[in-house]
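# Survey of secondary and tertiary structure
One-letter residues, chain by chain:
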Amino acid sequence: MASVQSVCMSGEGETSYAKNSAIQSGVQSRVKPLVEEAISDLCRSAVPGCLRVADLGCSSGPNALALASAAVDAVRRQPHWAEQCREICVYLNDLPENDFNTVFKDVPSSLLGHGGVDRDSGLLVMVFGAPGSFYGRLFPAKTLHLVCSSFSLHWLSQVPQELVDGVLINKGSVSAGRTSTPAVTAAYARQFEQDFKRFLASRAEEMVPGGWMVLSLCGRPAKDFSSQDRYPEFIAEILQDLTSQGVIAAAEVDSFNEPFYSPCQEELRGAVEQEGSFEIVGLESHDFLERGPRGDAERSKAMARFLRVLDEWLLVRHFRVDGIGDAYARAAEERYMGPAAEEDMTGVVLILSLRRRK
């Protein structure tokens, strides 16, 4: 079964997540103002003596601490808040396979200050790891004030069981996409709804009344799957190229599916309203991949490395072929040099702000 436990953004050197996460960084630049808004709202009525912030699905590299740092900076910029909020606890969550050693080595001195204490404000900042799946409980009840999650919730807890069991075949695609049958897209939609409601219910237990969540994830512009970007089909085409090259067996391609789903705004809104623990403060949609010149060699290499970071763990687990990461990146680069490259991966990111009902 292809579960979320197999989705681990790591790698080494030029193929590491840390070196290939510029798209995620661009998304975070849109999220940071919402984090600052959340801190302002939280501290408007009563400033907590200890502010607890969690980043769920932090991964590793330069983006791992970006949103937590934005929250800390928002408090530091308000001296009257810092007088009352003397401590900030930052919890960094990802699956146990995540490279937490790198995450903690990269904690900047600007976040922790001198010995954890900011010399100017006297604010004590402490950073903790919280390994585990965010589709279940991670923290004690009523402890968190702010939860952030950037570019993670489109990863499901598992591929829908109907596809795992072979009851449904998603030929020509690797997740719910334009060419998928209605039965396949419905199975993915159900899995996302179940997972997202579990996520919301878990956070509802852990957050204080009035606490905020700021979430970003891949989405699609409209309910109809014809609005979906061509990512699912594009990956399937790369796998067909690898089949033609003799790298992988054709019989194994149709059974490869990713635990990935891009919801529309209506699906997010419906899940939040049905779960009932949060009110929607804002829901935005933005393009997350700018169009560039077709056939650009450097851009094609960069996008191929990005896809490798996303997919290599899943490919290794399913196909069990040595060197599949290198072969996959080469095939992806060749595809990106082709005439349809710009339409293949131009999608949207959905940004959702929620407040815990009191």
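Let us look at the structure shown here.

Rules of the game
- Residues numbered from 1 in each chain as written.
- Predicted model: local features only at pLDDT ≥ 70, side-chain atom pairs only at ≥ 80, totals over all residues.
- Heavy atoms only, no water.
- Pairing = 2+ DSSP bridges.
- Helix = DSSP H or I, 4+ residues; strand = E, 2+ residues; numbered from the N terminus.
- Axes fitted to C-alpha atoms, helices over the stretch in contact; angles between N-to-C directions.
- Contact = heavy atoms within 4.5 Å.
- Buried < 20%, exposed > 50% of the residue type's maximum accessible area, 1.4 Å probe, protein only.
- Parallel < 35°, antiparallel > 145°, perpendicular 65-115°, else oblique.
- Left-handed = near helix turned anticlockwise from the far one by under 90°.
- Nonpolar A, V, L, I, M, F, W, Y, C, P; charged D, E, K, R; others polar.
- Salt bridge = Lys/Arg side-chain N within 4 Å of Asp/Glu carboxyl O.
- Lys, Arg positive; Asp, Glu negative; His and termini not counted.

## Focus: the sheet that holds strand 4 (residues 144-150)
The strand order across the open sheet formed by seven strands is 3-2-1-4-5-7-6, and the pairing between neighbours is mixed. With one partner strand each, in any of the chains shown, strand 3 (124-129) and strand 6 (278-287) form the two edges of the open sheet. The mean angle between the axes of side-by-side strands here comes to 15°, regardless of whether they run parallel or antiparallel. Along the sheet face, helix 2 (residues 66-76) touches strand 1 (50-56), strand 2 (87-93), strand 3 and strand 4 and points at about 170° away from the line of strand 2. The sheet strands contacting helix 9 (residues 265-275) are strand 5 (207-219), strand 6 and strand 7 (348-356), and the helix crosses strand 6 at an angle near 170°.

## Things to note about the pairing of strand 5
Of all 13 residues that make up strand 5, 12 are buried, and the element is covered over most of its length. The sheet contact formed by strand 4 and strand 5 spans six bridges and is parallel. Of the residues in strand 5, the one forming a bridge with leucine 146 is tryptophan 212. Note that strand 5 and strand 7 share eight bridges and pair antiparallel. Its bridge partner being in strand 7, tryptophan 212 is matched across the sheet by arginine 355.

## Section: the packing of helix 8 (residues 231-244) against helix 10 (residues 297-319)
As a packed pair, helix 8 and helix 10 sit with axes 13 Å apart at the nearest point and diverge in direction by 55°. Relative to helix 10, the element helix 8 is oriented oblique. Crossing angle aside, the handedness with which helix 8 passes helix 10 is right-handed. Touching Tyr231, Phe234, Ile235, Ile238 and Leu239 of helix 8 are Leu307, Leu310, Asp311, Leu315 and Phe319, all from helix 10. Looking at the contact of helix 8 with helix 10, its residues break down into nine nonpolar, no polar and one charged.

## A word on the pattern of salt bridges
Throughout the structure, instances matching the rule amount to 17 salt bridges. Note that aspartate 41 and arginine 44 form a salt bridge whose closest N and O atoms lie 3.1 Å from each other. Residue aspartate 41 and its partner arginine 44 are located together in helix 1 (residues 22-45), separated by three residues, close to a single helical turn. Residue arginine 355 is joined to aspartate 41 by a salt bridge in which the shortest nitrogen-to-oxygen separation is 3.4 Å. Of this pair, arginine 355 sits in strand 7 while aspartate 41 sits in helix 1; the two residues are 314 residues apart in sequence, bridging distant segments of the chain. For the pair arginine 355 and aspartate 41, one class covers both residues: buried.

## Notes on the side chain of aspartate 311
In this structure, aspartate 311 sits in helix 10. Buried and without a salt bridge, aspartate 311 has arginine 308 as its closest oppositely charged side chain, separated by 10 Å. The contacts of aspartate 311, once residues within four sequence positions are left out, are Tyr231, Ile235, Glu258 and Tyr328.

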